[in-house]
Number of protein chains: 2
Amino acid sequence: MDVKTIPDIVVGRLPIYLRALQAMLDEGRKVTSSQELGERLGISAAQIRKDLSQFGEFGKQGTGYSIDFLAEQIGAILKVNRVWDVAVVGAGDIGSAIAQYQGFTNRGFRVVMIFDKDPEKVGAQVGSFTVQRVEELESLVQEARIEIAMIAVPGAEAQSVADRLVKAGVQAILNYAPISISVPEGVHVQYIDPVIHLQRMTYYL
Amino acid sequence: MDVKTIPDIVVGRLPIYLRALQAMLDEGRKVTSSQELGERLGISAAQIRKDLSQFGEFGKQGTGYSIDFLAEQIGAILKVNRVWDVAVVGAGDIGSAIAQYQGFTNRGFRVVMIFDKDPEKVGAQVGSFTVQRVEELESLVQEARIEIAMIAVPGAEAQSVADRLVKAGVQAILNYAPISISVPEGVHVQYIDPVIHLQRMTYYL
């Protein structure tokens, strides 16, 4: 299967499908259909079938999908059938909250270290972590072979933190700082900025 | 101008343009071009010109855009040339962090109240807010005519909280709970789930 043939927008829907399937498993469900999934997600059943068909044959006409099997397959496609170690940079309110977020469990990720540049925060406890000096970012991230990081520093500092993470070998960055960052080709960036989502809705109010 | 003629994906890019323009203003800049904006954002200059042209004529060929004017116009289109009051439901780590988030300032939003159902959290201080009993959600939200809310409760509780918010008059929900919620037509929902963003990147690692 050639990875490049799958449109990014389809890849972007797989985590949404996986989350819905995991919710169904939590409810004790065994079998679902593209219709039911579609109703839960506000996506057409045809779209879901088309998306999934890009990766293989996961269900039988008329009998629907085994939820367990489909979740396992999508997990493997997304490479979250393993646990990825994640570094957090920035131990303010947002960084501390994500470092302690329980929602990563069983979804493929685990925070393993948190950094800050503020001497008053370094050495403090954030949940089960001791905040590390940002000066040690490169060596600790590299040593632990961490490929994924989350940035939760002020906007003005986000680019230089991203540069350092990339230098340390990080290939995927989730950026909570409210600013667009530049990274070399091959490094992936996603953004979380609540204002962007809110402004997208106020247009319609 | 007929609101319905603008594709949602274009509306979704306007907040990104606005954020970049505000960053330029903070840098003391006066004029920009679709080329420069595009380079900052990883979006083609042609796409930016096409998006903006859907709303009017904001710059002159060859002289670029006045950053201040363009930011003001996009702010007006997105209706964030005013301040929207926002309610937060859930005073755990995430809810507390967003209630105190400084990044809303000057971008159109201000958190004005926070609710929790846990008797141990009710009455506690979160930044400058006293956590309110979730039983009072409907009356307080309705009285303050709040149209926007953020949900930061566990997944299992998100749907019932959403139902109550809608009943109280809320028309736009930013949902941090890792679950898809159903709302009546006309109510808008956006999602923030870090795992969705992370899984979208691991596919490519």
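See the structure shown above.
Residues numbered from 1 in each chain as written. Chains lettered and ligands numbered in written order. Predicted model: local features only at pLDDT ≥ 70, side-chain atom pairs only at ≥ 80, totals over all residues. Heavy atoms only, no water.

Caption draft 1: Representation of the overall build of chain A in the model. Check the secondary structure of chain A and you find 8 helices and 11 strands. Oriented by its inertia axes, the alpha-carbon framework of chain A measures out at about 60 × 40 × 35 Å. A buried classification covers 50% of the 205 residues belonging to chain A. Within chain A, contacts between residues separated by at least 24 positions form 55% of all contacts whose residues are at least 6 apart in sequence. (Helix = DSSP H or I, 4+ residues; strand = E, 2+ residues; numbered from the N terminus. Buried < 20%, exposed > 50% of the residue type's maximum accessible area, 1.4 Å probe, protein only. Contact = heavy atoms within 4.5 Å.)

Caption draft 2: Broad picture of the packing of helix α1 (residues 8-26) of chain B against helix α4 (residues 67-77) of chain B. Residue and element names in this part refer to chain B. Closest axis-to-axis distance for the α1/α4 pair is 9 Å, and the angle between their directions is 145 degrees. Between α1 and α4 lies a crossing whose hand is left-handed. Taking contact as the criterion, the partners of L14, Y17, L18, L21, M24 and L25 in α1 are, on α4, I67, D68, L70, A71, I74, G75 and I77. In terms of residue class, the contact of α1 with α4 is made up of 11 nonpolar, 1 polar and 1 charged. (Axes fitted to C-alpha atoms, helices over the stretch in contact; angles between N-to-C directions. Left-handed = near helix turned anticlockwise from the far one by under 90°. Nonpolar A, V, L, I, M, F, W, Y, C, P; charged D, E, K, R; others polar.)

Caption draft 3: Layout of the relation of the copies chain A and chain B. Rotating chain A by 180 degrees and translating it 0.0 Å along the rotation axis places it on chain B, where the RMSD comes to 0.0 Å. Taken together, these values place the two copies in the relation of a two-fold axis. (Least-squares fit on C-alpha atoms with pLDDT ≥ 70 in both.)

Caption draft 4: Spatial organisation of the interface of chain A and chain B. With 55 residues of chain A at the contact, the number on the chain B side is 55 residues. For the pair chain A and chain B, the summed buried area comes to about 5900 Å², and 65% of that belongs to carbon and sulfur atoms. Broken down residue by residue, the surface that chain A buries against chain B is led by R200(A), Y203(A) and L205(A), which jointly contribute 14%. Where chain A meets chain B, there are 6 salt bridges. Put simply, chain A and chain B have 18 residue pairs in polar contact (both at pLDDT 80 or more) between them. (Buried area = accessible area lost by both parts, 1.4 Å probe. Salt bridge = Lys/Arg side-chain N within 4 Å of Asp/Glu carboxyl O. Polar contact = N/O pair within 3.5 Å; in protein donor to acceptor, adjacent residues only side chain to side chain.)

Caption draft 5: Expanded view of helix α3 (residues 45-53) of chain A. Residues and elements named next belong to chain A. Burial in α3 covers these residues: A45, I48, D51 and L52. Down the axis of α3, the buried set is contained in an arc of 125 degrees. They therefore lie on one face. The inward-facing, buried residues of α3 contact α1 (8-26), α2 (34-41), β3 (64-66) and α4 (67-77). (Arc of directions from axis to C-beta.)

Caption draft 6: How the structure looks around the pairing of strand β9 (residues 148-151) of chain B. Residues and elements named next belong to chain B. Burial of the side chains of β9 extends over both faces: I148 and M150 are buried on one face and A149 and I151 on the other. The pairing of strand β4 (residues 84-89) with β9 spans 4 bridges and is classified as parallel. Residue pairing for β9: V88 is matched across the bridge by M150. Taking the sense of rotation as the criterion, the β-α-β connection linking β9, helix α7 (residues 155-167) and strand β10 (residues 172-175) turns out right-handed. (Pairing = 2+ DSSP bridges. Right-handed = clockwise from strand over helix to strand, strands pointing away.)

Caption draft 7: A look at the nonpolar core. The biggest cluster of nonpolar side chains holds 103 residues, and the ones touching the most others in it are M150(A) and M150(B). Aside from chain neighbours lying at most four places away, what touches M150(A) is V86(A), A87(A), V88(A), V89(A), I98(A), F104(A), V111(A), L174(A), Y176(A) and L198(B). Core analysis: the next-biggest nonpolar cluster, separate from the first, contains 23 residues, F115(A), L137(A), I151(A) and I173(A) among them. (Core = buried A, V, L, I, M, F, W, Y, C linked by side-chain atoms within 4.5 Å.)

Caption draft 8: Structural detail: the packing of helix α8 (residues 194-202) of chain A against α1(B). At their nearest, the axes of α8(A) and α1(B) sit 9 Å apart, and the two run at 130 degrees to each other. Classed by the angle they form, the pair α8(A) and α1(B) counts as oblique. Considering only the axes of α8(A) and α1(B), their crossing is right-handed. Residue-level inspection shows I196(A), Q199(A) and R200(A) of α8(A) in contact with α1(B), the latter providing D8(B), I9(B), V11(B), G12(B), P15(B), I16(B), L18(B) and R19(B). Residues of the contact of α8(A) with α1(B), tallied by class, amount to 6 nonpolar, 2 polar and 3 charged. (Parallel < 35°, antiparallel > 145°, perpendicular 65-115°, else oblique.)

Caption draft 9: Region of the structure containing the pattern of salt bridges. Residue and element names in this part refer to chain A. Per the stated rule, a full pass over the model turns up 22 salt bridges over all chains. Of the charged contacts, one joins D85 and R110 as a salt bridge, the two residues approaching to 2.8 Å between their closest N and O atoms. Here D85 is found in strand β4 (residues 84-89), whereas its partner R110 is found in strand β5 (residues 109-116), with 25 residues between them in sequence. Take D85: its relative accessible area is 24%, and that puts it in the partly exposed class. Classification of R110 as partly exposed rests on a relative accessible area of 45%.

Caption draft 10: Region of the structure containing unusual backbone geometry. Residue and element names in this part refer to chain A. The phi angle at K79 is positive, at roughly 60 degrees, despite the residue not being glycine. Mapped onto the fold, K79 is located in the loop between α4 and β4. In this structure K79 comes out as partly exposed when scored by relative accessible area, which is 28%.

Caption draft 11: Focus on the sheet that holds strand β1 (residues 31-32) of chain A. Residues and elements named next belong to chain A. Sheet architecture is open: 3 strands sit in the order β1-β3-β2, paired in antiparallel fashion. What marks the edges here is a single partner per strand, and that holds for β1 and β2 (59-60). For β2 and β3, the ladder comprises 2 bridges, and the chain directions are antiparallel. Looking across to β3, one finds that G59 is bridged to Y65.

Caption draft 12: Expanded view of the sheet that holds strand β11 (residues 188-191) of chain A. Here we have 6 strands laid out as an open sheet, ordered β8-β5-β4-β9-β10-β11 (chain A), and parallel in their pairing. Every other strand in the sheet has two partners, leaving β8 (132-133) and β11 of chain A as the edge strands with one partner each.

Caption draft 13: Structural detail: the pairing of β10(B). Residue and element names in this part refer to chain B. Of the two faces of β10, the one lined by A172 and L174 and the one lined by I173 and N175 are each fully buried. Taken together, the 4 bridges between β9 and β10 define a ladder with parallel strand orientation. Bridging across to β10, M150 finds its partner in L174. Examined bridge by bridge, β10 and strand β11 (residues 188-191) share 4 bridges and lie parallel to one another. When the sheet's bridge partners are listed, A172 is paired in β11 with H188.

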